[in-house]
Amino acid sequence: MKINLPVDIIFGSNLHVEAAAVLADHKFDSVYVLTGAGSARESGLLERLCDELKKQGMTCFDGRLSAGPDSDAVDKLAGEIAASKVDAVLALGGGSVIDAAKSAALQAANGCRFSDIEFNTADLQDAVPVIAAPTVSGSGSEVTPYAVINNSKTGRKSTISHNSLFPETALICPEVFTSVSSIQTIAGSFDALIHCFEAYTSTRSNELANAFAVRGAYLIFDNLKAALSSPEDVGARKALAEASMFGGIAITHARTGAIHTLSAALQKYTQLPHGLLNAALLPAVTELNENHYSGKVKEFMSACGFSVRTDAGGIVKLAGWISQFFPPVDNPFDIPGRDAYSIIERFKEDKGLLEVNPAPLPERTINAFITGIIDA
Ligand SMILES: [Fe+2]
């Protein structure tokens, strides 16, 4: 049993002040601040941050993720980071911004394009250090060694993994989440909840990772309603941010499962955001695995305060809880018939899934499973 978490995790307030303090502690003199199209600019947070950094004598480069995170955008960011020769990258945004910053920081250190490292991150120099300050919770990217990037040319949603993709610091300031919309709050919470569920039911899970998974899920079950009914409730927002972090730690040690593998293969065929897509796929994947959970769903849901006696009962409770925020959707996909083969192949490319999925996944099972979803 092992936990490896080389990330300083700081919960604070006044993000711009805390961020400046973190960068000063590291003795960084220059920083590339990456934001997305979201509220960090509109709310004035970016301006306050850059003013604070300049006050402390740091040079601040202003970067913006315009699309994606797709590989063309990330390649451009990597070029800007390398050219500016900064000491660090500060990612100020949701999971897409943090993932883009992590990949671009790794590419900048190695002078390469995303496609050069998409399938092989061995023998790379460590990334330019990244400070991750999420403004939307859910992905857990602030504490993981992963970055999920869409290849602009192939359309493939790819996950890269490298030890230096762990941010130096995760800086989590719950006040910034109070402006997150309801739909983003639900989608992010579902993503984190499913990270916790998939990690707990992974055959690679262990007692330490399970503790994070259960605590993360418990916090979501206990706080999502409050965050939606009172968006300014900093306590509820803090709990969801903690849940996101716990989910990230859990998947770092036990991996995601078939929901995420399927989600990566199907994302380009739907408008649903990642967290809602995962929720939409949960029933099919839990049905696939139902007879192989060995009591883990019962354990997981019981530890979160639900009264359940069997895995099947736990699955019903989980799906029921999700459906109060996001009713089941009938076939949210627009899939051309000719793409069925490539979706099945994309699913099969995730060889690591075979080692962690509760049910065995021989080829005929995968074929029938995915064909069933596409034809539904
Ligand atoms: Fe996810």
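Keep in mind it's a predicted model, so treat the numbers as computed, not measured.

Focus: the UniProt feature "domain: Alcohol dehydrogenase iron-type/glycerol dehydrogenase GldA" (unreviewed entry) in the protein
1) Next: Mapped onto the present numbering, the UniProt feature "domain: Alcohol dehydrogenase iron-type/glycerol dehydrogenase GldA" (unreviewed entry) falls on residues 6-172.
2) Next: Helix makes up 36% of residues 6-172 and strand 25%, whereas the separation of the span's terminal C-alpha atoms amounts to 16 Å.

Concerning the domain arrangement of the protein
1) Next: Assigned domains of the protein: these are domain 1 (8-176) and domain 2 (181-375).
2) Next: The C-alpha centroid of domain 2 is placed 26 Å from the C-alpha centroid of domain 1.
3) Next: Contacts between domain 1 and domain 2 engage 20 residues on the former and 23 residues on the latter.
4) Next: Where domain 1 packs against domain 2, one counts one salt bridge.
5) Next: For the interface between domain 1 and domain 2, the tally reads five residue pairs in polar contact (both at pLDDT 80 or more).
6) Next: Of the residues assigned to the side of domain 1 that touches domain 2, the class counts are nine nonpolar, seven polar and four charged.

Some thoughts on the sheet that holds strand β8 (residues 169-172)
1) Next: Overall, parallel pairing links the six strands, which are arranged β1-β8-β5-β4-β2-β3 in an open sheet. Every interior strand has two partners, whereas the edge strands, β1 (8-11) and β3 (59-64), have only one. Averaged over all neighbouring strand pairs, the angle between strand axes comes to 20°, with direction disregarded.
2) Next: As paired strands, strand β4 (residues 88-93) and strand β5 (residues 130-134) are joined by five bridges and run parallel to one another. Each bridged residue has a counterpart across the sheet, and for Ala91 the counterpart in β5 is Ala132.
3) Next: Where helix α4 (residues 71-84) meets the sheet, its contacts fall on β2 (30-35), β3 and β4, and the angle it forms with β2 comes to roughly 165°.
4) Next: Its contacts with the sheet put helix α5 (residues 95-110) on β2, β4 and β5, and the angle it makes with β4 is roughly 165°.

So, the pairing of strand β6 (residues 146-150)
A regular strand carries its side chains on alternate faces of the sheet.
1) Next: With five bridges connecting them, β6 and strand β7 (residues 157-161) associate as antiparallel partners. By the bridge assignment for β7, Tyr146 is matched with Ser161.

Remarks on the coordination of the iron ion
1) Next: The protein atoms that coordinate the iron ion are Asp191 (OD), His195 (NE2), His260 (NE2) and His274 (NE2), at distances of 2.1 to 2.2 Å.
2) Next: Donor residues binding the iron ion come from one chain and are separated in sequence as D-x3-H-x64-H-x13-H. A residue pair is termed long-range when its members are at least 10 positions apart, and Asp191 in helix α7 (residues 182-201) and His260 in helix α10 (residues 258-266) qualify at 69 residues. For the pair Asp191 and His260, one class covers both residues: buried.

Observations concerning the nonpolar core
1) Next: Ranked by size, the top nonpolar core spans 100 residues in total, and within it Phe190 and Trp321 carry the most contacts.
2) Next: At 11 residues, helix α9 (residues 234-254) tops the list of elements feeding residues into this core.
3) Next: Summarising the domain contributions, this core has at least three residues from each of domain 1 (8-176) and domain 2 (181-375).
4) Next: Grouped together as the second largest cluster of nonpolar side chains are 31 residues, Val89, Ala104, Ala105 and Ile160 included.

Criteria and cut-off values
Residues numbered from 1 in each chain as written. Predicted model: local features only at pLDDT ≥ 70, side-chain atom pairs only at ≥ 80, totals over all residues. Heavy atoms only, no water. UniProt positions renumbered as here; feature names shortened; annotations may be inferred. Helix = DSSP H or I, 4+ residues; strand = E, 2+ residues; numbered from the N terminus. Domains from an automatic or database assignment. Contact = heavy atoms within 4.5 Å. Salt bridge = Lys/Arg side-chain N within 4 Å of Asp/Glu carboxyl O. Polar contact = N/O pair within 3.5 Å; in protein donor to acceptor, adjacent residues only side chain to side chain. Nonpolar A, V, L, I, M, F, W, Y, C, P; charged D, E, K, R; others polar. Pairing = 2+ DSSP bridges. Axes fitted to C-alpha atoms, helices over the stretch in contact; angles between N-to-C directions. Donors = N, O, S within 2.8 Å, 3.2 Å for Na, K, Ca; no water. Buried < 20%, exposed > 50% of the residue type's maximum accessible area, 1.4 Å probe, protein only. Core = buried A, V, L, I, M, F, W, Y, C linked by side-chain atoms within 4.5 Å.

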